[in-house]
Each structure stands twice: as structure tokens, then as C-alpha cells.
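# Structural overview
Next come the chains, spelled out residue by residue.
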Amino acid sequence: GAVVSQHPSRVICKSGTSVKIECRSLDFQATTMFWYRQFPKQSLMLMATSNEGSKATYEQGVEKDKFLINHASLTLSTLTVTSAHPEDSSFYICSARDAGGLDSTPRFSSGANVLTFGAGSRLTVL
Amino acid sequence: GNSVTQMEGPVTLSEEAFLTINCTYTATGYPSLFWYVQYPGEGLQLLLKATKADDKGSNKGFEATYRKETTSFHLEKGSVQVSDSAVYFCALGQGNTPLVFGKGTRLSVIA
């Protein structure tokens, strides 16, 4: 089945530095990837929609200059947390939707394809 | 807009107990419905799905039926195990828009 790899799984950095998190679809092409942030009480917040070859679409309240998203190819999206601060410490999860290439992920009658999630990246900013 | 409401946890059950986690949704049209599971320290995994009314999704002993009349997609399992301890998310999807998630329900199963 579809696999999404996320790297690194854990990262600790000093305040003021930048951290890059990679999200790769390993066996399918993903024209769209989504970045979520999970807060301590479990809830998932959609941060942005990453579109291959174009600018990401950010949700309201998410600073695009702080959370830089680059979707340079059909299998890779990156999230860079710039000038990280302790309040940015969180669990970041990416997900990807099969664009209909080699993967056999079924498409549903409503057109809503299943999202495959990465294992997440835990960022701790000291 | 679309939204998902699921019961707040945490839910603590003894092994072999019956599990129900309620989920209701608000949406226009005919969304697809999903349950995702997150084991400790991991990302989300699709547990089961249903794409139209009266469909029943099932996997690993878990079941959920898409009820349009009550706009619900409750998750059930007849006999839980310690290994089922995780956070469960109900989600809704339409077209190519991002999934809308409920807030998650933490399940703890004790031996």
C-alpha cells in the first residue's frame, strides 16, 4: 500500500535556529500533501496544503513566513520552521493523497481519496 | 462548513469489554467517513472507511456504519485488547479537500 516517509522523526534544536522536515511519498505520486500540527491534547490542526509546483495554501492563523513549505516534486514536500521558538515545539504530521499514478489506492465515489500519513516529526525547541 | 464531533475521552476499559466511540458529522452532500488510529509515538493510520450511506467499514475487529439519517459513524469493537490502546480520530472527506478531523478520543485498555 501507499507509504509516506517523514524525516526526521525527532529533532531538538536551539531557539532561533531553523529546522527542515521532509515528507516523501515512497510508492506513489502526490500532487497534494497536507501538513498538520498536533497539539498536546491530541487535536490535529491543518496548517497548509502543499501543491506540487505552486505555492502552498495556508490556513488562517498560520504564518507562512515562519512555516515555509516547498513541494518541489511529486514525491517530496518540505516544511521548514524558521527561527524556531519553544512555542513551536509540537508534533508535525504530513499526509499525502495519491495522484493516481502507480499506486492502487482506490478512489471513492465522492472523489475523496484516502490520505496516507507519515509517522510524524516531534520538534522540541530549547 | 464541514465538521466532526466525537466523544471526548479518555475512555478506560478492561480487556474484552465492548467499545463504542461516538462520532457525528455535519456536511453538505455525501462525504466519505474515516476512522484513523494513532498509537503512542506514531503517526496516523487508516483504520476503516465508508463512502456512502449504510456502508459498514471494518478492520481488526473494529466496525463503523455510515448512518446518514443520524449523521453518525460510531466506532465499535466487541472485545478490546490492551494493544488497542491508542487515540482514535473520526474524519470526513469530500472531493480533494483536506480531511476534517474530530478532536480524537484516547482509549486505554487495562488487563
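That block above? That's the structure.
An account of the accompanying structure is given in this report. What you see is a predicted model; the values in this text were computed from it and never measured. Residue positions within a chain follow its written sequence, with the count starting from 1. Chains carry letters from A onward and ligands carry numbers from 1 onward, assigned in written order. Confidence filtering applies because this is a predicted model: local features only for residues at pLDDT of at least 70, side-chain atom pairs given and counted only at 80 or more, and all residues used for totals across whole chains, interfaces and linings. Heavy atoms from the whole structure form the basis of all side-chain values; hydrogens and water molecules are not counted.

### Focus on the overall build of chain B
The secondary structure listing takes helices from DSSP runs of H or I that are at least 4 residues long and strands from runs of E that are at least 2 residues long, numbered from the N terminus. The helix and strand inventory of chain B stands at zero helices and twelve strands. Its helices and strands taken in sequence order, chain B reads β-β-β-β-β-β-β-β-β-β-β-β from the N to the C terminus. With the radius of gyration taken over C-alpha atoms, the globule rule is written as 2.2 Å times the number of residues to the power 0.38. The C-alpha atoms of chain B give 13 Å as radius of gyration, which agrees with the globular expectation for 111 residues (13 Å, within 12%). The dimensions of chain B, computed from C-alpha atoms along their principal axes, are 45 × 25 × 20 Å. Burial here depends on accessible area, computed with a 1.4 Å probe over protein chains only, as a share of the maximum for the residue type. Under 20% is buried, over 50% is exposed, and the range in between is partly exposed. Classification of the 111 residues of chain B by burial places 45% in the buried group. Counting contacts in chain B only where the partners sit at least 6 residues apart, residues at least 24 apart contribute 55% of the total. Just so you have it, chain B exposes about 5,100 Å², and 49% of that area is on carbon and sulfur atoms. All tallies of charge rest on Lys and Arg as positive and Asp and Glu as negative; His and the ends of each chain are not included. Taken as the charge centre is NZ of Lys, CZ of Arg, CG of Asp or CD of Glu, depending on the residue. Taking the average place of the 9 positive charges on the side chains of chain B and the average place of its 10 negative ones, the gap between the two points comes to 6 Å. The contact rule is simple, with two residues in contact once any of their heavy atoms fall within 4.5 Å. Under the convention used here, a 1.4 Å probe and the Shrake-Rupley method define accessible areas, while residue burial counts only the protein chains that appear.

### Focus: the interface of chain B and chain A
Counting residues at the interface gives 26 residues for chain B, matched by 24 residues for chain A. Each salt bridge in this description consists of a side-chain nitrogen of Lys or Arg and a carboxyl oxygen of Asp or Glu lying within 4 Å of one another. There are zero salt bridges connecting chain B and chain A. Polar contacts, as counted here, are pairs of nitrogen or oxygen atoms within 3.5 Å of one another; within protein the pair requires one atom able to donate a hydrogen and one able to accept it, and residues that are adjacent in sequence qualify only if both atoms are side-chain atoms. Counting the contacts that link chain B with chain A gives four residue pairs in polar contact (both at pLDDT 80 or more). Elements with a minimum of two residues in the side of chain B that touches chain A: β5 (32-38), β6 (44-50), β10 (86-93) and β12 (105-110) of chain B. For the side of chain B that touches chain A, the leading source of residues is β5(B), giving four residues.

### Thoughts on the sheet that holds strand β3 (residues 19-25) of chain A
Residue and element names in this part refer to chain A. Strands are labelled as partners when DSSP assigns at least two bridges between them. Overall, antiparallel pairing links the four strands, which are arranged β1-β3-β8-β7 in an open sheet. With one partner strand each, in any of the chains shown, β1 (4-7) and β7 (67-73) form the two edges of the open sheet. The mean angle between the axes of side-by-side strands here comes to 15 degrees, regardless of whether they run parallel or antiparallel. By the bridge criterion, six bridges tie β3 to strand β8 (residues 76-81) in an arrangement that is antiparallel. Each bridged residue has a counterpart across the sheet, and for R24 the counterpart in β8 is L76. Orientation is described by axes fitted as lines to C-alpha atoms, over the contacting stretch for helices, and by angles from 0 to 180 degrees between their N-to-C directions.

### Things to note about the packing of aromatic side chains
Stacked, tilted and edge-to-face are the three classes assigned to paired rings of Phe, Tyr and Trp, where Trp is represented by its six-membered ring and a pair needs centres within 6.5 Å; plane angles under 30 degrees give stacked, over 60 edge-to-face, the rest tilted. Within this structure, the stated rule accounts for ten aromatic pairs over all chains. Aromatic side chains Y36(A) and F117(A) sit 5.9 Å apart centroid to centroid with 45 degrees between the ring planes, which places their arrangement in the tilted category. Remark: F117(A) occurs in strand β10 (residues 115-117) and Y36(A) occurs in strand β4 (residues 32-38); sequence separation between them is 81 residues. Between Y36(A) and F101(B), the aromatic rings sit 5.5 Å apart at their centres with planes inclined by 90 degrees, giving edge-to-face as the arrangement. Here Y36(A) is found in strand β4, whereas its partner F101(B) is found in strand β11 (residues 100-101) on a different chain.

### Description of the pairing of strand β2 (residues 10-13) of chain A
Residue and element names in this part refer to chain A. Only one face of β2 is covered, namely the face carrying V11 and C13; the face carrying R10 and I12 is uncovered. Pairing geometry for β2 and strand β11 (residues 121-125), over four bridges, is parallel. Bridging across to β11, I12 finds its partner in T124.

Any functional reading would require information beyond the geometric quantities listed.
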